[in-house]
Amino acid sequence: MLQRCAKSEFEAVTNGSISQAFEASEDEGSNPAPTATLGEIIAQRLSRRDLGRGVLAVLAVDGLLPRLAPSRAEAANDAPAFSFDELAAGFDETHHVAQGYDADVLIRWGDPLVAHAPEFDPSAQSADRQGRQFGYNNDFLGYIPIDGRSDHGLLVVNHEYTCTELMFPGFGDVERSARAAHATEDQVAIEMMAHGGSVLEVKRENGKWHVVSDSNYARRITAETEMRISGPAARHLKMRTGADSSGTRVKGMLNNCAGAVTPWGTWLTCEENINGYFMNIDAAATHPDATALKRYGIPAMFYSWGRFHDRFDLGKEPNECHRFGWVVEIDPFDPASTPVKRTALGRFKHEGAGNIVNKDGRFVIYQGDDQRFDYVYKFVTTARVDTSDRAANRDILDDGTLYVARFDADGTGVWLPLVQGQGPLTPENGFHTQGDVVIFARLAADLLGATKMDRPEDIEANPKTNSVFVMLTNNSKRTPEQTDAANPRAPNAYGHIIEIKPDADDHSAAAFRWNILVRCGDPAIADVGATFNALTTKDGWFANPDNCVVDALGRLWIATDGNSEATTGRNDGIFALETEGSRRGTSKLFFRVPTGAEMCGPYFTPDLETFFVAVQHPGEGDYDDPNAPASTFEAPLTRWPDFKDDMPPRPSVIAITRKGGGKIAV
């Protein structure tokens, strides 16, 4: 997830000049390990003779890419998996959906959520009000049925981060580099309450969805909500602080990006860019774990909360940063329950937690570390899922094996176990316990020789085929010296998607096979090197795959992050991507967001009649273009979805349904 408005605040000058800061924000690779990148591994399979034959032809022959469609006629003989009239790509200030569908705003930032919450008033916000209202920048969405129903359930929502200049007036004349330091104590308190997540009860009546007011399930989780620490890192010395001498309790979750729903009805929410919440460069340089902090990009200073809260100042609480970067499990059916940070799954910039019940009954979670040149992981539980007793799965995620992926040049791969005492993960290398391994999972994975990837974001498993799809969003830091026959783009601005097939369809197996499903970008531009199927139209191709979902029919849907008028001439959106047969690699546009927004969250009801999607940071400015116009509370690029002069743009959740009823794209 490219955190653009937070990235602008990385330039904030607090406790040392920015030139001293570790250059390890989300946009910077912090991996010094000498292991090969995925592009370098693929290149090992190609000779100089191969280069003369043409890159794409060689990749197809070698099996790294699917066979490109030989003709439109042959592919047309296969029935498409998706049935809808494609939406036209474009760029404007509102949202659009394919013909024959309604896309209704379900809930917006600031809407009342819990009982007696006030109506949203952007001129009178407070921490107390925000703590009872729907949070900011909705990302992952998960629908959990009540009594098995597809028209009545709980919607769980991540709130990833905040855009100070769009939330509050008065930042139009403040330099981007000073916005974090300019925020007041009250504004920081509101931002902390706008982070975290929301649980809302939703119901479909007369064909339309609404949020159930005064629901007993409604809940806000924020940066101040008390949480329990479980698993190997619990009680570890590195997890103890002045406020928690036991290392078992922590306040809040931060930068929750993607996530998942478990078969037993809990919500897994993933902390991603946690490095941006900590400050004090001088303290980081002399920190006992200075090497590890640099590897995790701490401090990046997206925010300056440490000016008012000691726990975000490394000089005052050196261990607080180790308590973030985890997968958090929440029971949405019990508003009084304590969220749990499941440390056995490792600590890094979690993008998602795509999961599947393996054929032997064990639970497998696939995870991406969303940073350039970082890794793909999986976790396999020791115990088996008990489908007859929800409570029996309560602590199943505390015991299992964490693995990191190595992609080999012959199209196979190996899952390397991150287990203390095995291989180089020994006391001599600083790993005395499994707690050390999971707290410093990136360093452990470096030692094992894992393969450096191009920003692995969401990962989802398809229970119909047992394929696992890995979204690799881009790698803008790839240099010309790193280009090769398989990765000819420098930088890799558009990303690609990898398909993993576990050996014998066993997700606990150590070995796997892999191939490239599609290389993204405009296929009409030869230099881009995109590999969409020839049936993909000028509206159907996409760049920067981010979130994804596999629906009940086994179909893959992609949400993008990074498309804009400047980068691709189109807004982000939802794309339906064929994965089987001669249509494999064919993409169609289904929904697109307003200007400045990112597409997030895609999730279906079990009956496939509703598609929930999240529109994040509408109206956000292009912080990668110094000449782009600023977008602020007073003068945003769009006022979506209200389009009222007194309302700023508001991140929102959308419910997509078919006009007259019926399944989506069937």
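Residues numbered from 1 in each chain as written. Predicted model: local features only at pLDDT ≥ 70, side-chain atom pairs only at ≥ 80, totals over all residues. Heavy atoms only, no water.

Our focus in this paragraph is the overall build of the protein. Across its full length, the protein holds 13 helices and 31 strands. Long-range pairs, those at least 24 residues apart, make up 67% of the contacts in the protein with a sequence separation of at least 6. Here the protein displays about 22,200 Å² of accessible surface, and carbon together with sulfur accounts for 49% of that area. (Helix = DSSP H or I, 4+ residues; strand = E, 2+ residues; numbered from the N terminus. Contact = heavy atoms within 4.5 Å. Areas by Shrake-Rupley, 256 points an atom, 1.4 Å probe, with all protein chains shown as cover.)

Burial of strand β10 (residues 256-261) is extensive: 6 of the 6 residues sit out of reach of the surface. Here 4 bridges tie β10 to strand β11 (residues 267-271), and the two strands are oriented antiparallel to one another. When the bridges of β11 are listed, Val-261 appears paired with Trp-267. (Buried < 20%, exposed > 50% of the residue type's maximum accessible area, 1.4 Å probe, protein only. Pairing = 2+ DSSP bridges.)

It is worth spelling out helix α9 (residues 185-194) at this point. Counting buried residues in α9 gives 7 out of 10 residues, a clear majority hidden from the surface. Here the buried face of α9 lies against α6 (127-130), β4 (152-159), α7 (164-167), α8 (179-182), β5 (196-205) and β7 (219-221). Trailing α9 by a residue or two, Gly-196 shows a phi angle of about 100°, which is positive.

Take the nonpolar core next. Side chains that are nonpolar tend, in soluble globular proteins, to be buried together. With 87 residues, the main nonpolar core has Trp-305, Val-404 and Leu-418 as its most contacted residues. Setting aside anything within four residues of it in sequence, one finds Val-404 in contact with Tyr-375, Val-376, Tyr-377, Val-414, Trp-415, Leu-416, Leu-418, Ala-445, Leu-448 and Ala-450. Trp-557, Ala-576, Met-599 and Trp-640 belong to the second-largest nonpolar core, a separate cluster that totals 26 residues. (Core = buried A, V, L, I, M, F, W, Y, C linked by side-chain atoms within 4.5 Å.)

A word on helix α13 (residues 441-448). Structural remark: α-helix, 3.6 residues per turn; residues separated by three or four positions point the same way. Judged by how many residues are buried, α13 sits mostly within the fold: 6 of 8 residues are covered. Three or more residues of α13 are buried, namely Ala-441, Arg-442, Ala-444, Ala-445, Asp-446 and Leu-448. In this structure, the buried residues of α13 make contact with α11 (290-295), β16 (372-374), β17 (376-384), β18 (400-407), β19 (412-417) and α12 (434-439).

On to the confidence of the model for the protein, then. For the protein, mean pLDDT is 90; residues scoring 70 or higher make up 88% of the total. Ignoring residues within four places in sequence, the model shows residues 45-70, a span with pLDDT below 50, making 41 contacts including any to other chains. With pLDDT under 50 throughout, residues 484-488 is counted as low confidence; its partners more than four residues away or in other chains account for 19 contacts. (pLDDT = per-residue confidence, 0-100.)

All chains considered together, the criterion is met by 31 aromatic pairs. When the ring of Phe-82 is compared with that of Trp-557, the centres are 5.0 Å apart and the planes differ by 85°; the resulting orientation is edge-to-face. Of this pair, Phe-82 sits in the loop between α5 (72-76) and β1 (96-97) while Trp-557 is found in strand β26 (residues 556-560), placing the two residues 475 residues apart along the sequence. Each member of the pair, Phe-82 as well as Trp-557, carries the same accessibility label: buried. Between Phe-84 and Phe-590 the ring centres are 5.0 Å apart and the planes differ by 75°, which places this aromatic pair in the edge-to-face class. Of this pair, Phe-84 sits in the loop between α5 and β1 while Phe-590 sits in strand β28 (residues 587-592), placing them 506 residues apart in sequence. The two residues Phe-84 and Phe-590 agree in class, both being buried. Ring pairs connect the aromatic residues Phe-82, Phe-84, Tyr-101, Trp-557, Phe-590, Phe-604 and Phe-611, which therefore count as one cluster. Over the ring of Tyr-296 we find Arg-347, and its NZ or CZ is 4.2 Å from the ring centre. Above the plane of the ring of Phe-84 lies Lys-588, whose end atom (NZ or CZ) is 4.1 Å from the centre. (Phe/Tyr/Trp six-rings, centres within 6.5 Å; stacked < 30°, edge-to-face > 60°. Lys NZ or Arg CZ within 6 Å of the ring centre and 35° of its normal.)

Among the structural elements, Arg-570 can be located in the loop between β26 and β27 (573-577). The class for Arg-570 is buried, based on a relative accessible area of 8%. Separated by 23 residues in sequence, Arg-570 and Val-593 have C-alpha atoms that sit 9.6 Å apart. Look past the residues within four positions of Arg-570 in its chain and what remains in contact with it is Ala-89, Gly-90, Phe-91, Lys-538, Asp-539, Gly-540, Trp-541, Asn-563, Ser-564 and Glu-565. Only 3.1 Å separates the side chain of Arg-570 from the backbone oxygen of Trp-541, close enough to count as a polar contact. (Polar contact = N/O pair within 3.5 Å; in protein donor to acceptor, adjacent residues only side chain to side chain.)

The strand order across the open sheet formed by 4 strands is β2-β31-β30-β29, and the pairing between neighbours is antiparallel. Since the sheet does not close on itself, it has two edges, and those belong to β2 (101-108) and β29 (598-604), each with one partner. Averaged over all adjacent pairs, the angle separating strand axes in this sheet is 25°, with direction ignored. As paired elements, β29 and strand β30 (residues 610-616) share 5 bridges and run antiparallel to each other. When the sheet's bridge partners are listed, Glu-598 is paired in β30 with Gln-616. (Axes fitted to C-alpha atoms, helices over the stretch in contact; angles between N-to-C directions.)

The space that makes up the largest pocket amounts to roughly 890 Å³. Together, 40 residues line the largest pocket, and Val-261, Asn-355, Val-549, Val-550 and Tyr-603 are the ones closest to its centre. When contributions to the lining of the largest pocket are tallied by element, the ones reaching two or more residues are β3 (138-145), β10, β14 (354-357), β21 (456-461), β25 (545-550) and β29. Looking at the lining of the largest pocket element by element, the count peaks at 6 residues for β3. (1 Å grid on protein atoms, 1.4 Å probe; cavity = no way out; pocket = protein on both sides within 12 Å on 5 of 7 lines; lining within 4 Å. Points joined across faces, edges and corners; volume = space filled by probe spheres on them.)

Residue Ile-298 is joined to Pro-299 through a cis peptide bond whose omega torsion reads 0°. In this fold, Pro-299 is placed in the loop between α11 and β12 (327-330). Of the consecutive residues Trp-640 and Pro-641, the connecting peptide bond is found in the cis state with omega at 0°. Mapped onto the secondary structure, Pro-641 falls in the loop between β30 and β31 (652-658). Its identity is not glycine, yet Asn-206 carries a phi of approximately 55°, on the positive side. Relative to the elements of secondary structure, Asn-206 occurs in the loop between β5 and β6 (208-211). On the accessibility criterion, Asn-206 (83% relative accessible area) is exposed. If you check the backbone angles, Ala-504 has positive phi at about 55° while not being a glycine. Of the residues examined, Ala-504 reaches a relative accessible area of 60% and is grouped as exposed.

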